[in-house]
Amino acid sequence: QKEVEQNSGPLSVPEGAIASLNCTYSDRGSQSFFWYRQYSGKSPELIMFIYSNGDKEDGRFTAQLNKASQYVSLLIRDSQPSDSATYLCAVRTLNAGNMLTFGGGTRLMVKP
Amino acid sequence: SQTIHQWPATLVQPVGSPLSLECTVEGTSNPNLYWYRQAAGRGLQLLFYSVGIGQISSEVPQNLSASRPQDRQFILSSKKLLLSDSGFYLCAWRGLSSGNTIYFGEGSWLTVV
């Protein structure tokens, strides 16, 4: 079982819709959770992070964490074609030497 | 503000040739530094990390090596490249001021032919 799992996609949504990206992790000791966006051929850039159960909002982005279900998600409201990218979920776990473990990423396509 | 730079941005190397990728961080002291590799269509694989000068931890045994000659400089090297070394190499840093977040450099595309 992979430590951090994401559906590779592509996830296709129309412009203006809500895109929902999901991530599950295997280690219950995971402490913090990160979402990165990676455009084709570019390096990942941080969108946001979340530490506590519940929702965290930043502009059009909302991260949701449910530690009991070992599930973290990213919602993108009013999706724009410029949001088309691969979204990487990353998890920091003390048992892994406090390193970030990345999922394989979900490719999002926002169609005009 | 903190910035991270790595170079070269792209390179094409023949099998068996050496490799040197360099990364520098500005605006922070004693950062944790990382080298990741991303093969085509795949996730990020941690190769090396360093918590200080001369301190290198290897996550994946292979023909690559890393060095940290200065506090804010991290170098990825190979004596003889393999075809399987092709990929997108990313340097990243984490400092006290960034909390638990790591930030990536621009990346280096390596094609071994």
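As the structure is a prediction and not an experimental result, all values here were calculated from the model. Within any chain, residue numbers begin from 1 and follow the written order of that chain's sequence. Chain letters start at A and ligand numbers start at 1, both assigned in the order the entries are written. Thresholds applied to this predicted model are a pLDDT of at least 70 for local features of residues and 80 or more for the giving and counting of side-chain atom pairs; totals over whole chains, interfaces and linings are not thresholded and use all residues. Hydrogens and water molecules were not included; the side-chain quantities draw on all heavy atoms of the structure.

*Asks:* Just to check I follow, could you spell out the sheet that holds strand β3 (residues 19–26) of chain B for this structure?
*Replies:* All names here are of chain B. Only strands joined by at least two bridges in the DSSP assignment are considered to pair. Working definition: helices are DSSP H or I runs of at least four residues, strands are E runs of at least two. Numbering for both runs from the N terminus. In spatial order, the strands read β1-β3-β8-β7; together these four strands make up an open sheet with antiparallel pairing. Of all strands in the sheet, those with a lone pairing partner are β1 (3–7) and β7 (64–70), marking the two edges. Averaged over all pairs of adjacent strands, the angle between strand axes in this sheet comes to 15°, irrespective of strand direction. The sheet contact formed by β3 and strand β8 (residues 73–78) spans six bridges and is antiparallel. In the strand pairing of β8, Leu-19 is matched with Ser-78. Angles shown run from 0 to 180 degrees and are taken between the N-to-C directions of axes, each axis being a line fitted to C-alpha atoms and, for helices, limited to the stretch in contact.

*Asks:* I'm lost on the interface of chain A and chain B in this one. Help?
*Replies:* The extent of an interface is frequently quoted as the accessible surface area lost upon association of the parts. On the side of chain B, 18 residues touch chain A, which itself brings 19 residues to the contact. Distance and chemistry together define a polar contact, namely a pair of N or O atoms within 3.5 Å, with one atom able to donate a hydrogen and the other to accept it when in protein, and with adjacent residues in sequence counting only for side-chain atoms on both sides. The interface formed by chain A and chain B holds four residue pairs in polar contact (both at pLDDT 80 or more) in total. Elements that contribute at least two residues to the side of chain A that touches chain B include exactly β4 (30–38), β5 (45–50), β9 (85–93) and β10 (99–102) of chain A. Counting residues per element, the side of chain A that touches chain B draws most heavily on β4 of chain A, at four residues. In this description, contact between two residues means that some pair of their heavy atoms is separated by no more than 4.5 Å.

*Asks:* Looking at this model, I keep getting lost on the sheet that holds strand β8 (residues 71–76) of chain A. Mind explaining?
*Replies:* Strand pairing in a sheet takes place through backbone hydrogen bonds and is either antiparallel or parallel in direction. All names here are of chain A. Strands sit in the order β1-β3-β8-β7-β6 across an open sheet of five strands; the sheet is antiparallel. Where the open sheet ends on each side, the last strands, each with one partner, are β1 (4–5) and β6 (54–58). Note that β1 and strand β3 (residues 19–25) share two bridges and pair antiparallel. The residue bridging Glu-5 from the neighbouring strand is Thr-24, located in β3.

*Asks:* Looking at this structure, how should I read the pairing of β6 of chain A?
*Replies:* Looking along a regular strand, one sees the side chains alternate between the two faces of the sheet. Residue and element names in this part refer to chain A. In the sheet, β6 pairs with strand β7 (residues 61–66) via five bridges, with the strands oriented antiparallel. Counterpart to Glu-57 in the pairing with β7 is Thr-62. In textbook terms, the turn of a hairpin is the stretch between consecutive antiparallel strands, and for β6 and β7 this stretch comprises two residues, one of which, Gly-59, has a positive phi near 65°.

*Asks:* Would you mind showing me how to read the state of the cysteines here?
*Replies:* Covalently bonding the sulfur atom of one cysteine to the sulfur atom of another cysteine gives a disulfide. Residue and element names in this part refer to chain A. Here, a disulfide means two cysteine sulfur atoms that sit within 2.5 Å of each other. Tallying each qualifying case throughout the model produces two disulfides over all chains. What pairs with Cys-23 in a disulfide is Cys-89, and their sulfur atoms sit 2.1 Å apart. In this structure the cystine formed by Cys-23 and Cys-89 twists about its S-S bond by roughly -70°; its chirality is therefore left-handed. Here the residue Cys-23 occupies a position in strand β3, and Cys-89 occupies one in strand β9, the gap between them amounting to 66 residues. The pair Cys-23 / Cys-89 is uniform in exposure class, with both members buried. Only protein chains enter the calculation, and the probe is 1.4 Å; a residue is then buried if its accessible area is under 20% of its type maximum, exposed if over 50%, and partly exposed in between.

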